[in-house]
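Residues per chain are reported as follows:
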Amino acid sequence: MPREKILHKVRTALGRSSGQPPAAPPPVRLRIPDVPLDARIESFICALNKLNGKTCVAHSPQEVLDYAAQLCEGKRVVASNSPVLRECGIVELPNVRSNYTDADKLREACAAADIGITSADYALGDTGSLVIIASPREARLISLLPPVHLAIVPRSRILTGLDELFTLLPNPAEQTSSMVLITGPSRTADIEQILVRGVHGPREIHVVVL
Amino acid sequence: MSKAATTEPSKFRQTLEDANLQLAVYTATGRLMEKRREAVAADVLPEYQELRTQAHEIKKHTLDNLDYYLELFEEHVTAHGGKVVYCKDGSEVADFVLRLAKERGARLIVKSKSMTTEEIDLNERLAHHQLESVETDLGEYILQLAHQRPYHIVAPALHLTRYDVANIFTEKLGVENETVIEKQTMIARGVLRQKFLQADIGISGANFLVADSGAVVIVENEGNARLTTSAPRIHIAVAGMEKMIARAQDLPVFLKLLGRSATGQPLTVYTSFLSGPRREGEVDGPEEFYVVLLDNGRTRLLADREKRQSLYCIRCGACLNHCPVYRKVGGHNYPWVYSGPIGAVITPQYMGVGKDPWLPFASSLCGACYEVCPVKINIPKLLLDLRSEVTKFKAKERGGWAERMVFRLWAWVMRHPRIYEMMGSMAAAFFPEGEKPGWLRSVPSFMNIGPLKGWLSQRDLPRPASKSFRQHWRSRRKGGR
Ligand code: SF4
């Protein structure tokens, strides 16, 4: 069995024996700076704009709907099952398809869609990142296959940064098989270091803060 | 076509004489240096040095107790419905993938960038059994078409221009000659999008393995790794076991350092934290999830307490960008897939010091790599250790008596100040001034032999002073000053 052999080799190399507990690990040092909500929102928007992300602060679900309706006009759109999108009335827009529970059908729809709409579980103020946790409400491919991604983020969900995220979720694996941080539109600079957006993922990212 | 590198002097010379290549590598690495500098500057990241220390400590702790964390990792992967597979080497990895593909009737594999799979030539091994495995990172895709290996661990196609890419695409994809980079990118997107939707298996690497979560963490900018790990029915992550870190809460330290050190990005576009197959109720994601943990010589590196730190590397590429040697000789003159300072440190350890004995010497020991390494690997120190190993190895191989005699003689002279002084004044008489005042271009012909000749052919020596320090000292004391 390669497993036992390799583990044995590792233990021999380290001079450890089977079942020996590890030495005390270095302490975790997560620091959450005290940043008021308004400043977090502003910093999030500023960071995302720098990455060419489009942002909008909405003061009511209606304003969110207006933004979405304008963006989606005449387009094929797939929306996630997030309750936020339903509350804003996005799933009722005429060209929006939603409520997918079958992976193959969802994939087909996303591959043909122009726009994917999701919520975000959190956002990070210092880097302009969205945090999306896979669940019955949020799939993986909606924020990935369509060339445009629109995300709706409740303002209370905007955190300061990574340290706060991992303080709230000390072990994301406990609740999901996939957590993704999305920081701006998909990009590459593999040819002559020239920046090109939308290589495999969305070339445009829109975030409405509610 | 073999991707193995040769290291004949003619290839070095070719690289040094290729003005376009020199400019391309110099510009690209220079730009990456600049971006990193801005991203870790004290006003934007005041805790930078502290983060480096923490990263080093976490890696040290995890690798010092690696057996424990491997088992912990496995326990969590299994609990989430995934499977951990241990492999001794590349052929075991290929066997595992081939067997799984056969059992599941899989025909097409999409791959995201992974130095570990480059290390074991996984694509070639699979192709050998008629299993197609397509690289999906733009740079890697171009290189796969051109049958080349990565030039740089972060920017694999750093040495190619848009014209090279145009030729490769025309030849291999049969498309019109296209030299606009944006359009070239879209051509690749189109081809690869179809592959993603058809593939049965996605193979990724891993930037980190998180022991307390059983998670694979992947950072990237393009989205191809997300597609590789989300679209196909089966996800296999292939990772060297040194990628382990103890806790999910250690991730912020590394994520803050990795993007900044590599490309100057505070965070790369996508950071995926993947733990197991799709769960009950989740809408999409793979149905099967495997993590292949590769040894391939890593246990040997672990056994050496001092050199163990070379396994802390998070493959940010900063040491390559800052290395005066890498910037001149480029990525294809190193004997293995890992180039630059970290390549010079790990290659001899994996391959044996006797295989490319010159490698640890191909460094000016300027220390730039150590200074920028986000996990504080003391590369210059490790290179010195390896040099001494190479020397010992050579001595065993073919005596090396001449060199030892020279150094013994040197040591003897150094212990006898009178003789040393005598030789000093003799030297001053022997070496007349060359064209440049104060410098010697040539030495007397009887000295221009053997290794000394090679050494002097590339260097100017300062002319020995006409009066030595000791002579000055004596005359000053006499003069009462
Ligand atoms: S040795 Fe350090 S600087 Fe070099 S690639 Fe690895 S982590 Fe980066």
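Report follows, based on the coordinates. Fair warning: this is a prediction, and the values are worked out from it, not measured in the lab.

How two aromatic rings sit relative to each other is given by the distance of their centres and the angle of their planes. Taken as a whole and judged by the stated rule, the model has nine aromatic pairs over all chains. Within the aromatic cluster, the residues linked to one another by ring pairs are Trp336, Tyr338 and Tyr350 of chain B. Between Arg157 of chain A and the ring centre of Tyr122 of chain A, over which it is positioned, the NZ or CZ distance is 5.1 Å.

Right, let's talk about helix α3 (residues 48-64) of chain B for a bit. Residue and element names in this part refer to chain B. If you check α3, its first and last C-alpha atoms are 24 Å apart, about what 17 residues at 1.5 Å a residue would give, namely 24 Å. For α3, the tally of buried residues reaches twelve of 17 residues, placing the bulk of the element in the interior. Among all positions in α3, only Tyr48, Leu51, Arg52, Gln54, Ala55, His56, Ile58, Lys59, His61, Thr62, Leu63 and Asp64 are buried.

What follows deals with the environment of Arg278 of chain B. Mapped onto the elements of the fold, Arg278 of chain B is located in the loop between β9 (270-274) and β10 (288-294). A residue is classified by how much of its surface remains accessible, and Arg278 of chain B, at 27% relative accessible area, is partly exposed. Linking Arg278 of chain B and Phe169 of chain B, residues 109 residues apart in sequence, is a C-alpha distance of 36 Å. Filtering out sequence-adjacent residues up to four positions away, Arg278 of chain B remains in contact with Ala103 and Ser177 of chain A together with Val283, Asp284, Gly285, Pro286 and Glu287 of chain B.

Before going further, it helps to spend a moment on the pairing of β10 of chain B. In regular strands, side chains alternate between the two faces of the sheet. Residues and elements named next belong to chain B. For β10, a buried count of seven out of seven residues is recorded, marking the element as mostly surrounded by other parts of the structure. Both faces of β10 are covered, namely the face carrying Glu288, Tyr290, Val292 and Leu294 and the face carrying Phe289, Val291 and Leu293. Bridging between strand β1 (residues 83-87) and β10 involves five bridges; their strand directions are parallel. Opposite Cys87, over in β10, you have Leu294 as the bridge partner. Relative to β10, strand β7 (residues 234-240) runs parallel, the two sharing seven bridges. Note on β10: the bridge partner recorded for Ala239 is Leu293.

Here we take up the sheet that holds β9 of chain B. Across the sheet, which stays open at both edges, the eight strands sit in the order β8(A)-β5(A)-β6(A)-β9(A)-β9(B)-β6(B)-β5(B)-β8(B) with mixed pairing between neighbours. Every interior strand has two partners, whereas the edge strands, β8 (158-159) of chain A together with β8 (244-245) of chain B, have only one. Note that strand β6 (residues 129-133) of chain A and strand β9 (residues 178-182) of chain A share four bridges and pair antiparallel. Considered in β9 of chain A, the bridge of Val131 of chain A is made with Leu181 of chain A. Running at roughly 170° to strand β5 (residues 208-210) of chain B, helix α12 (residues 251-263) of chain B makes contact with β5, β6 (215-220), β8 and β9 of chain B of the sheet.

Procedures and definitions
Residues numbered from 1 in each chain as written. Chains lettered and ligands numbered in written order. Predicted model: local features only at pLDDT ≥ 70, side-chain atom pairs only at ≥ 80, totals over all residues. Heavy atoms only, no water. Phe/Tyr/Trp six-rings, centres within 6.5 Å; stacked < 30°, edge-to-face > 60°. Lys NZ or Arg CZ within 6 Å of the ring centre and 35° of its normal. Helix = DSSP H or I, 4+ residues; strand = E, 2+ residues; numbered from the N terminus. Expected span 1.5 Å × (residues − 1). Buried < 20%, exposed > 50% of the residue type's maximum accessible area, 1.4 Å probe, protein only. Contact = heavy atoms within 4.5 Å. Pairing = 2+ DSSP bridges. Axes fitted to C-alpha atoms, helices over the stretch in contact; angles between N-to-C directions.

Keep in mind that these numbers describe shape and distance, not what the molecule does.
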